[in-house]
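Here's the letter readout for the chains.
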Amino acid sequence: MTNIADAQITHRVALRGEAILTSPRWNKGTAFSIEERKDFGLTGRLPFRVNTLDEQCDRAYDQLEARREPLRKNTFLQSMKDQNWVLYYAIVSRHLKELIPIIYTPTEAEAISNYSHLFRRSEGLYLTYPSQDDMEEDFLEQTKGRQIDLIVCSDAEQILGIGDQGVGGIGISTAKSAIYTLLAGVDPAKSLSVVLDVGTDNEDLLNDRLYVGWPHKRVRGEEYDRFVDSFVQLVRKYHPHCLLHFEDFGVTNAKRLLDKYHDKHAVFNDDVQGTGAVTLACIMSAVGVTKSKLADQRFIIFGAGSAGLGITRQLRDGMVAIDGVDKEEANKKFYLVDRFGLIKESLGAEKIREGIQEFVRPDSEWDGVPTNDKGEIGLLEAVKKVKPTVLIGCSTKAGAFTEEVIMEMAKHTERPIILPLSNPSKLHEVTPENATAWTEGKALLATGSPFPPCKLPNGKEYIVAECNNALIYPGLGFGAMLSKARTLTDTMIIAGTRRLASLAPALKDPDDALLPDFEDAPEVNYEVAVAVVEQAIEEGSAGVDWKKEEVCAKVREAQWKPLYGRYVYDPKGET
């Protein structure tokens with residue numbers, strides 16, 4: 001296993017015989033050379049033929065194709081990863097668009113929900129609340145002597161739209177780690193997947209006799225905070241330059257924990273920051289098409305949960321950083337609509353969740369606007385009043401962007417920017433086909449799930465961009481790791497976002513996609529990582545002594561690729 005620079009770099013390895021064949025890091029299976037088989041005691045343990053990696057991928061793909069159901073494909077690939085990292089990452093890399101939905105959303109959600117019934121072997125670090133006195137010992141057992149660049153952790157309270165999954169959260173941590181490797185080039189030997197098992201409020205799991213996690217109601221409050229802090233302090237103590245990625249924490253903890261540790265360590269939350277960053281990039285490319293600015297837009301965000309609020313904040317911060325708008329002035333560009341309608345002062349504290357206050361609209365703006373019998377202002381009335389140029393859906397309310405809503409928006413803007421981002425596709429607020437038809441082909445579109453192209457009135461096909469976090473978060477994280485910055489600054493995220501936006505096909509052809517195709521995600525994330533490192537160097541937050549002109553080569557050199565190196569047996573070598 002090696003980086004892209006030299007596939008035949010020599011590794012000195014201390015494992016022999018069965019030990020090397022059962023090590024996913026070092027196992028080559030039938031690709032061990034004749035010389036390596038002799039040196040490592042494998043001649044009688046393997047069939048005669050020496051295969052190339054290409055031949056192994058062909059065989060593995062044939063085996064994969066024999067499994068029809070997505071979950072069976074998922075478990076097959078998981079088994080392959082447990083046996084041979086290079087082969088696993090090689091086959092997924094060669095069939096990226098086909099297999100990412102198998103190893104990640106949506107299929108991984110099903111695997112996680114069935115974790116205890118599919119369990120075969122452990123796959124990361126399990127830190128459990130009743131064992132917290134031994135946390136440091138358990139942590140060091142898996143990390144001592146290792147260079148750790150990436151730690152992905154989850155407490156599994158809000159997994160992939162399926163809610164509280166307890167110890168099954170290890171599945172999302174390992175899946176995210178795999179995406180970092182596939183799309184950015186993070187060495188899997190330098191990453192660690194963690195689940196913080198603080199119990200579960202999922203009654204199905206608590207009543208399941210096969211549940212493998214801690215069968216206890218979820219710990220909350222000060223006890224929860226102390227447990228999480230103990231873990232974070234271990235990360236800071238032993239791996240001060242690694243990236244700590246928080247994943248699928250509940251709405252009451254996600255932003256709070258991100259804010260708590262933002263200035264103390266390089267931390268990242270994809271649900272809060274990644275969704276906002278890829279959406280900002282998408283909007284930036286859209287305003288590039290319309291020859292306008294972020295500050296010229298009027299935004300309605302339909303759905304003010306953690307994703308909607310994260311998007312709002314990122315768009316606001318982008319407006320401040322890119323267009324030089326005052327923060328308070330930028331806040332006025334946003335109108336949030338939730339289950340209680342437009343979020344305005346008279347809703348009261350019980351209906352306005354924490355963190356939304358800076359975007360609450362004064363009631364005086366809405367005098368004379370029709371309301372329902374509860375005094376709430378619905379989406380259509382908000383659209384009529386605001387005349388938005390951008391409409392973003394994060395509500396999981398299928399069909400909420402009705403023909404009347406879309407046509408009303410289109411009356412007041414030449415190129416309405418419409419982003420139904422709810423997942424899965426059956427929960428989208430509007431289909432691209434309908435949005436295109438109702439705006440007579442004028443809408444600039446991006447969705448949260450893949451959709452086929454739409455026919456425009458002129459007969460051309462409009463490519464619908466997929467607003468997929470994986471187009472940016474692996475590059476943001478990898479850039480932070482390589483820069484060795486002690487914090488992942490907002491300006492580093494903006495730099496990566498601007499680089500992604502600059503790669504949009506729509507900037508060359510307005511009928512093309514607002515974001516690059518997912519097939520190009522590895523190269524896109526390379527560009528994002530370069531931009532992040534360059535920004536860290538420019539602002540003085542980098543911990544490496546690189547010149548900006550060196551960054552492109554340094555990032556490329558650091559990327560891990562699924563290629564076999566040459567092994568030499570050495571009792572004092574790596575294990």
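Residues numbered from 1 in each chain as written. Predicted model: local features only at pLDDT ≥ 70, side-chain atom pairs only at ≥ 80, totals over all residues. Heavy atoms only, no water.

### Observations regarding the overall build of the chain
- Helix and strand counts for the chain come out as 23 helices and 18 strands.
- Scaling as 2.2 N^0.38, a compact globule of 575 residues should have a C-alpha radius of gyration of about 25 Å, and the chain matches this with 25 Å.
- The C-alpha extent of the chain, read off along each of the three principal axes, is 85 × 55 × 50 Å.
- By residue count, 56% of the 575 residues in the chain fall in the buried class.
- Long-range contacts, defined as pairs at least 24 residues apart, comprise 71% of the intrachain contacts of the chain with a sequence gap of at least 6. (Helix = DSSP H or I, 4+ residues; strand = E, 2+ residues; numbered from the N terminus. Rg over C-alpha atoms; globule rule 2.2 N^0.38 Å. Buried < 20%, exposed > 50% of the residue type's maximum accessible area, 1.4 Å probe, protein only. Contact = heavy atoms within 4.5 Å.)

### Some points on the packing of aromatic side chains
- Overall, the coordinates contain 16 aromatic pairs when judged by the stated rule.
- Relative to Tyr567, the ring of Phe32 has its centre 6.0 Å away and its plane inclined at 70°; by these criteria the two rings are edge-to-face. Of this pair, Phe32 sits in the loop between α1 (18–21) and α2 (34–39) while Tyr567 sits in strand β18 (residues 566–569); the two residues are 535 residues apart in sequence, bridging distant segments of the chain. Residues Phe32 and Tyr567 agree in their burial class; the two are buried.
- Aromatic side chains Phe334 and Phe359 sit 6.1 Å apart centroid to centroid with 75° between the ring planes, which places their arrangement in the edge-to-face category. Here Phe359 lies in the loop between β10 (341–342) and α17 (379–386) and Phe334 lies in strand β9 (residues 334–338), a separation of 25 residues in the sequence. Take Phe334 and Phe359: they sit in the same class, and that class is buried.
- Chaining the aromatic ring pairs together yields one cluster made of Trp26, Phe32, Phe40, Tyr567 and Tyr569. (Phe/Tyr/Trp six-rings, centres within 6.5 Å; stacked < 30°, edge-to-face > 60°.)

### Observations regarding the packing of helix α15 (residues 306–323) against helix α21 (residues 490–502)
- The contact between α15 and α21 brings their axes to 11 Å, and the two run at 90°. Here α21 runs roughly perpendicular to α15, going by the angle between their axes. In this structure, α15 contributes Gln314, Asp317, Gly318, Ala321 and Ile322 to the contact, and α21 contributes Ile493, Ile494 and Arg498.
- Class assignment of the residues belonging to the contact of α15 with α21 gives a composition of 4 nonpolar, 2 polar and 2 charged. (Axes fitted to C-alpha atoms, helices over the stretch in contact; angles between N-to-C directions. Parallel < 35°, antiparallel > 145°, perpendicular 65-115°, else oblique. Nonpolar A, V, L, I, M, F, W, Y, C, P; charged D, E, K, R; others polar.)

### Observations regarding the sheet that holds strand β6 (residues 243–246)
- Taken together, the 5 strands give an open sheet; going across it, the order is β3-β5-β4-β6-β7, and neighbouring strands pair in parallel fashion. Two strands lie at the open edges of the sheet, namely β3 (125–128) and β7 (267–269), each paired on one side alone. Pairwise comparison of adjacent strand axes, ignoring direction, gives a mean angle of 25° for this sheet.
- Of the pairings in the sheet, the one linking strand β4 (residues 150–154) to β6 comprises 4 bridges and is parallel in character. (Pairing = 2+ DSSP bridges.)

### Some words on the layout of surface pockets
- Taken as a whole, the second largest pocket spans an internal volume of roughly 940 Å³.
- Counting residues per element, the ones that place at least two in the lining of the second largest pocket are α4 (70–83), α5 (85–94), α10 (170–183) and β5 (191–197).
- Counted by class, the lining of the second largest pocket contains 9 nonpolar, 12 polar and 9 charged residues. (1 Å grid on protein atoms, 1.4 Å probe; cavity = no way out; pocket = protein on both sides within 12 Å on 5 of 7 lines; lining within 4 Å. Points joined across faces, edges and corners; volume = space filled by probe spheres on them.)

### Section: helix α9 (residues 135–143)
- Taken as a whole, α9 has its buried residues at Met135, Phe139 and Thr143. In a view along the axis of α9, the buried residues occupy a sector of 45°, so they form one face of it. The outward face of α9, more than 90 degrees from its buried face, is lined by the exposed residues Glu137 and Glu141.
- On its buried face, α9 is in contact with β3, β4, β5 and α12 (221–238).
- Immediately downstream of α9, the backbone of Gly145 shows phi near 85°, a positive value. (Arc of directions from axis to C-beta.)

### Let's talk about the pattern of salt bridges
- Evaluated as defined, the whole model comprises 33 salt bridges.
- We note a salt bridge from Glu55 to Arg49, for which the minimum N-O separation is 2.9 Å.
- Glu55 gets classed as partly exposed once you look at its relative accessible area, which sits at 30%.
- Among the ionic pairs, Arg218 bridges to Asp164, the shortest N-O distance being 2.8 Å. Of this pair, Arg218 sits in the loop between α11 (203–206) and α12 while Asp164 sits in the loop between β4 and α10; the two residues are 54 residues apart in sequence, bridging distant segments of the chain. Like Asp164, Arg218 is buried.
- Here the residues in one salt-bridge network are Arg313, Arg316, Asp317 and Glu358, joined through shared partners. (Salt bridge = Lys/Arg side-chain N within 4 Å of Asp/Glu carboxyl O.)

### What about the pairing of β5?
- Most of β5 is tucked away, with 7 of its 7 residues classed as buried.
- Taking every second residue as pointing to the same face, both faces of β5 are buried, with Ser191, Ser193, Val195 and Asp197 on one and Leu192, Val194 and Leu196 on the other.
- Note that β4 and β5 share 5 bridges and pair parallel. From the neighbouring strand, Ser154 faces β5, where its bridge partner is Val195.
- Each parallel crossover has a hand, and the one from β4 via α10 to β5 is right-handed. (Right-handed = clockwise from strand over helix to strand, strands pointing away.)

### Quick notes on the confidence of the model for the chain
- On average, residues of the chain score 94 in pLDDT, and 99% of them reach the 70 mark or higher.
- Predicted confidence is poor over residues 1–6, with pLDDT under 50, and the contacts of this stretch with residues over four places away or in other chains come to 22 contacts. (pLDDT = per-residue confidence, 0-100.)

### A word on the sheet that holds β10
- An order of β10-β9-β8-β11-β12-β13-β16 is seen for the 7 strands of this open sheet, with the pairing classed as mixed. Because the sheet does not close on itself, it has two edges, and the strands there are β10 and β16 (465–466).
- Pairing analysis gives 2 bridges linking β9 to β10, with the strands arranged antiparallel. When the bridges of β10 are listed, Val337 appears paired with Leu342.
- In the packing of α17 onto the sheet, the strands contacted are β8 (299–302), β9 and β11 (390–393), and the crossing angle to β8 comes to about 170°.
- The sheet contacts of helix α18 (residues 403–411) involve β11 and β12 (417–420), and relative to β11 the element is tilted by about 155°.

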